[in-house]
Amino acid sequence: MIAVIDYKAGNLTSVVKALHYLEASEVTVTQDPAIVRSAAKIVLPGVGHFQATQLLTDLGLTEAVRESVARGAWFLGICVGLQWLFKGSTEAPATTGLGHFPGACERFPAHFEGAELKSPHVGWNSLEGIRDDSRLLKGVNGGGFVYYTHSWRAPVVSATASVTNYGGAFTGVVEQENVMGVQFHPEKSSAVGLQVLKNFVEL
């Protein structure tokens with residue numbers, strides 16, 4: 001069973017629709033920690049402000065995710081769902097993330113290499129430096145384009161599986177064992193995005 005967490009800020013409809021298109025079995029949208037604890041796979045879709053993730057802690061879902069990940073359940077965070085995997089974000093300093101990966105997410109700089117940098121980063125951009133051992137990016141070629149819309153970015157860490165360049169390199173995909181995240185929206189990223197979701201469904 002794939003549990004899709006509803007924290008009232010996620011892009012639920014399109015993500016669930018994409019999972020059904022890929023014939024994923026038993027997709028359940030939930031806020032119930034017990035369902036998250038029993039799921040084989042967990043998806044955390046996200047749009048909007050990082051502060052919205054506080055609801056995950058308030059509902060007991062943060063601890064449920066930690067327990068599920070510890071027992072081996074597969075986890076995929078999307079957009080803010082990826083950012084939540086880090087310690088936190090300067091967008092909402094009082095709201096802590098899961099802390100599975102080190103570092104905090106920061107806003108894109110106003111300028112890069114002497115030129116003004118527009119924020120948010122919206123539109124198609126490419127995945128670069130894809131790690132050979134990435135399960136989530138199996139069958140995805142370097143330079144493949146995906147769709148982004150975000151103003152905050154995750155740092156590049158040892159678990160980064162692919163970067164995208166905009167105002168410097170940031171983590172486009174993070175992957176360590178059973179915990180994965182994508183900053184882009186796979187459900188809006190055409191063939192590359194569907195391949196990523198397909199890879200997750202088939203884990």
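An account of the accompanying structure is given in this report. Computed from a predicted structure; not experimentally measured.

### What about the sheet that holds strand β11 (residues 152-153)?
The mixed open sheet is built from three strands, whose spatial order is β5-β6-β11. The sheet is open, and its two edges are formed by β5 (88-89) and β11, each paired on a single side. Bridging between strand β6 (residues 104-107) and β11 involves two bridges; their strand directions are antiparallel. Within the sheet, the bridge partner assigned to Glu106 lies in β11 and is Arg153.

### Section: the pairing of strand β12 (residues 160-165)
Judged by how many residues are buried, β12 sits mostly within the fold: five of six residues are covered. As judged from the five bridges shared by β12 and strand β13 (residues 169-176), these two strands associate in the antiparallel manner. Within β13, the position partnered with Thr164 by the bridge is Phe170. Taken together, β12 and the strand that follows it, β13, pair antiparallel across an intervening segment of three residues, in which Gly167 is found at a positive phi of about 65°.

### Comments concerning the sheet that holds strand β4 (residues 74-78)
With mixed pairing, the seven strands of this open sheet are ordered in space as β2-β1-β3-β4-β14-β13-β12. Each end of this open sheet is capped by a strand with a single partner; those strands are β2 (27-30) and β12. Sheet twist, expressed as the average angle between the axes of neighbouring strands with direction ignored, equals 20°.

### Remarks on the nonpolar core
In this structure, Phe75, Trp84, Leu85, Phe86 and Leu127 are the most contacted members of the largest nonpolar core, which totals 65 residues. Leave out the neighbours within four places in its chain, and Phe75 touches Ile42, Leu44, Val65, Val69, Trp84, Leu85, Asn178, Val179, Met180 and Phe200.

### What about helix α1 (residues 12-21)?
Among the residues of α1, Leu12, Val15, Val16, Ala18 and Leu19 are the ones counted as buried. Buried residues in α1, looked at end-on, bunch into an arc of 160°, giving them a common side. α1 presents Thr13, Lys17 and Tyr21 as exposed residues on the side facing more than 90 degrees away from its buried surface. On its buried face, α1 is in contact with β1 (2-5), β2, β3 (41-44), β4 and α6 (190-201). After α1 finishes, the residue Glu23 shows a positive phi value of roughly 65°.

### Examining α6
For α6, spanning 12 residues, the distance from its first C-alpha to its last is 16 Å, which sits close to the expected 16 Å at 1.5 Å a residue. For α6, the secondary structure elements touched by its buried residues are β1, α1, β3, β4, β10 (145-150) and β14 (179-182).

### Examining the packing of aromatic side chains
A full pass over the atoms with the stated rule returns seven aromatic pairs. Pairing Phe86 with Phe101 gives two aromatic rings, centres 5.6 Å apart and planes at 45°, and the pair type is tilted. Of this pair, Phe86 sits in the loop between α5 (80-83) and β5 while Phe101 sits in the loop between β5 and β6, and the two are 15 residues apart along the sequence. Comparing Phe86 with Phe101, the two get one shared label, buried. Residues Trp124 and Tyr147 carry aromatic rings whose centres are separated by 5.8 Å and whose planes lie at 70° to one another, so their mutual orientation is edge-to-face. Placement of the pair is Trp124 in strand β9 (residues 121-126) and Tyr147 in strand β10, with a sequence separation of 23 residues. Exposure remark for Trp124: the relative accessible area of 46% places this residue in the partly exposed category. Aromatic ring contacts, followed pair by pair, group Phe108, Tyr148, Tyr166, Phe170 and Phe184 into a single cluster.

### Some remarks on the pairing of β10
Here β10 shows a buried face lined by Val146, Tyr148 and His150 and an unburied face lined by Phe145, Tyr147 and Thr149. With six bridges connecting them, β9 and β10 associate as antiparallel partners. Note that in β10 the partner of His121 across the bridge is His150.

### Considerations on the pattern of salt bridges
Under the definition given, this model contains five salt bridges. The partner of Arg131 in a salt bridge is Asp133, and the shortest N-O contact between them spans 2.8 Å. With relative accessibility at 25%, the residue Arg131 sits in the partly exposed group. When its relative accessible area of 54% is taken as the criterion, Asp133 is described as exposed. Here Lys198 and Glu202 are joined by a salt bridge, their closest N and O atoms 3.0 Å apart. Judged by relative accessible area, Lys198 falls into the partly exposed class, the value being 34%.

What counts and what doesn't
- Residues numbered from 1 in each chain as written.
- Predicted model: local features only at pLDDT ≥ 70, side-chain atom pairs only at ≥ 80, totals over all residues.
- Heavy atoms only, no water.
- Pairing = 2+ DSSP bridges.
- Helix = DSSP H or I, 4+ residues; strand = E, 2+ residues; numbered from the N terminus.
- Buried < 20%, exposed > 50% of the residue type's maximum accessible area, 1.4 Å probe, protein only.
- Axes fitted to C-alpha atoms, helices over the stretch in contact; angles between N-to-C directions.
- Core = buried A, V, L, I, M, F, W, Y, C linked by side-chain atoms within 4.5 Å.
- Contact = heavy atoms within 4.5 Å.
- Arc of directions from axis to C-beta.
- Expected span 1.5 Å × (residues − 1).
- Phe/Tyr/Trp six-rings, centres within 6.5 Å; stacked < 30°, edge-to-face > 60°.
- Salt bridge = Lys/Arg side-chain N within 4 Å of Asp/Glu carboxyl O.

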